[in-house]
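# Geometric and topological summary
Listed here are the chains, written in short residue letters.
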Amino acid sequence: MHKLIKMSCKQKRELDKMDMLELQGYSGRVRELLERENINIGDEIEIISNGRRYRGILMARYELADPNYITLKLPNGYNIGIRVTENTTVSKISVGVRPTFVRPPKPQTLSDLPNVVIISTGGTIASRVEYRTGAVRPALDAEDLLAIVPELAEIAKIDTEVLYNVWSENIQVQHWIGMAEAIDRSIRKGVDGVVLTHGTDTMGYTAAALSFALQKPPIPIVLVGAQRSSDRPSSDATTNLIAAVATAAKAPFGEVVVAMHKWHSDDVIALHKGTRVVKLHTSSRDAFRSVNSRPIAYYQHGELKVVVNNLNPRGSNEYVFKPKFDTRAFLIKFFPSMKPDILNILADAGIKGFIIEGTGLGHVSSDWVPVIRGLTKRGIFVGMTSQCKFGKVNMNVYDSGRDLLKAGVIPLDDMLSEVALVKLMWTLGNLGEGAELEEIKNLMLKNIAGEIYSRSLPNVGL
Ligand code: GLU
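What you see is a predicted model; the values in this text were computed from it and never measured.

Looking only at helices and strands, the protein has 12 helices and 23 strands in total. Within the protein, the fraction of its 462 residues that count as buried is 52%. Accessible surface, the protein as shown: approximately 20800 Å² in total, 51% of it carbon and sulfur.

Let us now look at the layout of surface pockets. The calculated volume of the largest pocket comes to roughly 740 Å³. Together, 32 residues line the largest pocket, and K273, V308, N310, L311 and G450 are the ones closest to its centre. A breakdown of the residues in the lining of the largest pocket according to their chemical character gives 13 nonpolar, 13 polar and 6 charged.

With antiparallel pairing, 5 strands are arranged side by side in an open sheet as β4-β3-β2-β1-β5. What marks the edges here is a single partner per strand, and that holds for β4 (79-83) and β5 (89-94). For this sheet the average axis-to-axis angle between neighbouring strands, irrespective of direction, equals 40°. Both strand β1 (residues 44-49) and strand β2 (residues 52-58) contribute to a ladder of 6 bridges, which runs antiparallel. In the strand pairing of β2, E46 is matched with R55. Contacting β2, β3 (69-73) and β5, helix α2 (residues 28-36) crosses the sheet at an angle of about 50° to β3.

One non-glycine residue with positive phi stands out, namely N50, at about 50°. Among the structural elements, N50 can be located in the loop between β1 and β2. A positive phi is found at N292, a non-glycine position, where the angle reads about 55°. Relative to the helices and strands, N292 is located in the loop between β16 (288-290) and β17 (297-300).

Another point: the site of the ligand. Residues in contact with the ligand, as listed here, are G123, T124, W167, S168, E169, G199, T200, D201, A226 and Q227. A distance of 2.5 Å separates an oxygen atom of the ligand from a polar atom in the side chain of S168. E169 places a side-chain nitrogen or oxygen 2.8 Å from a nitrogen atom of the ligand. When grouped by side-chain class, the residues that make up the shell around the ligand number 2 nonpolar, 6 polar and 2 charged.

A separate point is the sheet that holds strand β14 (residues 268-273). Note on sheets: strands pair through backbone hydrogen bonds, and any given pair is parallel or antiparallel. Taken together, 8 strands build an open sheet; the order of strands is β9-β6-β10-β12-β13-β14-β17-β18 and the sheet is mixed. Strand pairing shows two members of the sheet lacking a second neighbour, β9 (157-162) and β18 (303-306), which therefore form its edges. Each adjacent strand pair in this sheet contributes to an overall mean axis angle of 25°, direction not counted. Here strand β10 (residues 193-197) pairs with strand β12 (residues 221-224) via 4 bridges, running parallel. Looking at the pairing, L196 lines up with L223 of β12. Running over the sheet, helix α7 (residues 237-250) touches β6 (115-120), β9, β10, β12, β13 (256-261), β14, β17 and β18 and is turned about 155° from β10.

Interpretation of the predicted coordinates at a detailed level should be avoided for regions scoring low in pLDDT. Mean pLDDT over the protein stands at 87; residues scoring 70 or higher make up 85%. Overall, residues 129-134 carries pLDDT values under 50, and its contacts beyond four positions in sequence, including any with other chains, amount to 27 contacts. Within the model, the stretch residues 456-462 combines pLDDT values under 50 with 13 contacts to residues more than four positions away or in other chains.

Attention now goes to empty space enclosed by the protein. This model, assessed by the stated rule, comprises 2 cavities of 30 Å³ or more. Within this model, the largest cavity holds a volume of roughly 80 Å³. Lining the largest cavity are 13 residues, with S386, C388, K389, M415 and L416 positioned closest to its centre. Within the lining of the largest cavity, the residues separate by chemical class into 4 nonpolar, 4 polar and 5 charged.

With that settled, consider the nonpolar core. When a protein is soluble and globular, its nonpolar side chains tend to lie buried together. Formed by 57 residues in total, the largest nonpolar core has its most connected members in I183, L210, L214 and F325. Residue contributions to this core peak at 8 residues, all from helix α11 (residues 417-431). Every residue in contact with L210, bar those within four places of it in the chain, is listed here: W176, M179, A180, I183, L196, L223 and V256.

Turning our attention to the pattern of salt bridges. Within the structure shown, the criterion is met by 20 salt bridges. Between E46 and R53 there is a salt bridge whose closest N-O contact spans 3.2 Å. Judged by relative accessible area, which is 59%, R53 ranks as exposed. A salt bridge links R188 to D184, with the shortest nitrogen-to-oxygen separation between them at 2.8 Å. Here R188 pairs with D184, and both are found in helix α5 (residues 173-189), just 4 residues apart, close to one helical turn.

About the thresholds
- Residues numbered from 1 in each chain as written.
- Predicted model: local features only at pLDDT ≥ 70, side-chain atom pairs only at ≥ 80, totals over all residues.
- Heavy atoms only, no water.
- Helix = DSSP H or I, 4+ residues; strand = E, 2+ residues; numbered from the N terminus.
- Buried < 20%, exposed > 50% of the residue type's maximum accessible area, 1.4 Å probe, protein only.
- Areas by Shrake-Rupley, 256 points an atom, 1.4 Å probe, with all protein chains shown as cover.
- 1 Å grid on protein atoms, 1.4 Å probe; cavity = no way out; pocket = protein on both sides within 12 Å on 5 of 7 lines; lining within 4 Å.
- Points joined across faces, edges and corners; volume = space filled by probe spheres on them.
- Nonpolar A, V, L, I, M, F, W, Y, C, P; charged D, E, K, R; others polar.
- Pairing = 2+ DSSP bridges.
- Axes fitted to C-alpha atoms, helices over the stretch in contact; angles between N-to-C directions.
- Contact = heavy atoms within 4.5 Å.
- Near = heavy atom within 4 Å.
- Polar contact = N/O pair within 3.5 Å; in protein donor to acceptor, adjacent residues only side chain to side chain.
- pLDDT = per-residue confidence, 0-100.
- Core = buried A, V, L, I, M, F, W, Y, C linked by side-chain atoms within 4.5 Å.
- Salt bridge = Lys/Arg side-chain N within 4 Å of Asp/Glu carboxyl O.

Have a look at this one:
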């Protein structure tokens, strides 16, 4: 009698999610061999190769690795790769029990807890490893997240809404509008807080867009992501999500914020203001930083500590909903020897405003000055931000800056370039067709959501 191999629930779920019936990742003669023996992923098999006998469960494998290997899960739980040669034989011992992912029942909640809605849009926080390519793909929705993090039920009464399931590089302006509308619906329903799960790559852009679309909201709106998918031991998904839900449920402010690890360890989650936050690291869990401002709060050991004054209070009745954006805005990063012709090409293609990310205090080469003058004369907005993340632009210090000012460039103080782009889209969208350059300029320089004229502390966050 062969020994039955017991799989843990996690392993069963792994199998369930990897489209077993397709012999995922197997190709060529190895695939033919498995098909001939009517073997599927999850079946218990025996392989005899080079005089050695192996028993285990056939696992899906990475498609991009050497095709002549079979991946087997041994009874001790380890996966091994076995090279298939001319003399290798493979036989089926038993058909694997096809596991199905049954979401654990929704945890019971206490009735006197605050109401929080988790709206999912995709990203690593809602993803798992895909065994076909070894990459991760979005696969968990808000309801799954609640089921796998039952602690959330002790913090709030949770409702979930699956809005999108996309990587955040695929988020477009219409998604921002969709998110703003979904959040506005929740606000009008009277929830106590909203959590929006989102891919981290463009979370800063979305946070800015929502800060302009949902001004002075009466409740916290908390964007949250993860740098590592929730099926990895090093995942930051759970801790970030718990902090996000606790902030949405209890924070005394009505602000759009981003909840992510403050540093490597799990103990502190920082809450960054939506117009002040950037992703500064490709993979580290503490990738997010507030720029030219501090995080507004920290979540630590179950407590939320607010460290910034003058926040919009929870329950504020100054809420404004303005979810319009116009995509005819463009962000250009200047580099040495870059020619300005691109500006005219883009303007001729219909671009209504530019954010130039200049060098240092806000400079570009002098051959750009006449081209920019021509643009502003045509009523096209040109704003200046800096490639230095910290500090603010100051175009009065050097003659190159002054020449740009005379050509009509608007210095955008300490606004982050990405935030300036989003604000320009929002400004163009809200002022509508035929807006005067002066109106665009006035709105771009008006502080709407803490995006400009913050206290500039050059060493904060560096
Ligand atoms: N590129 C993906 C995204 O932004 C994965 C990154 C992440 O979620 O952390 O959605």
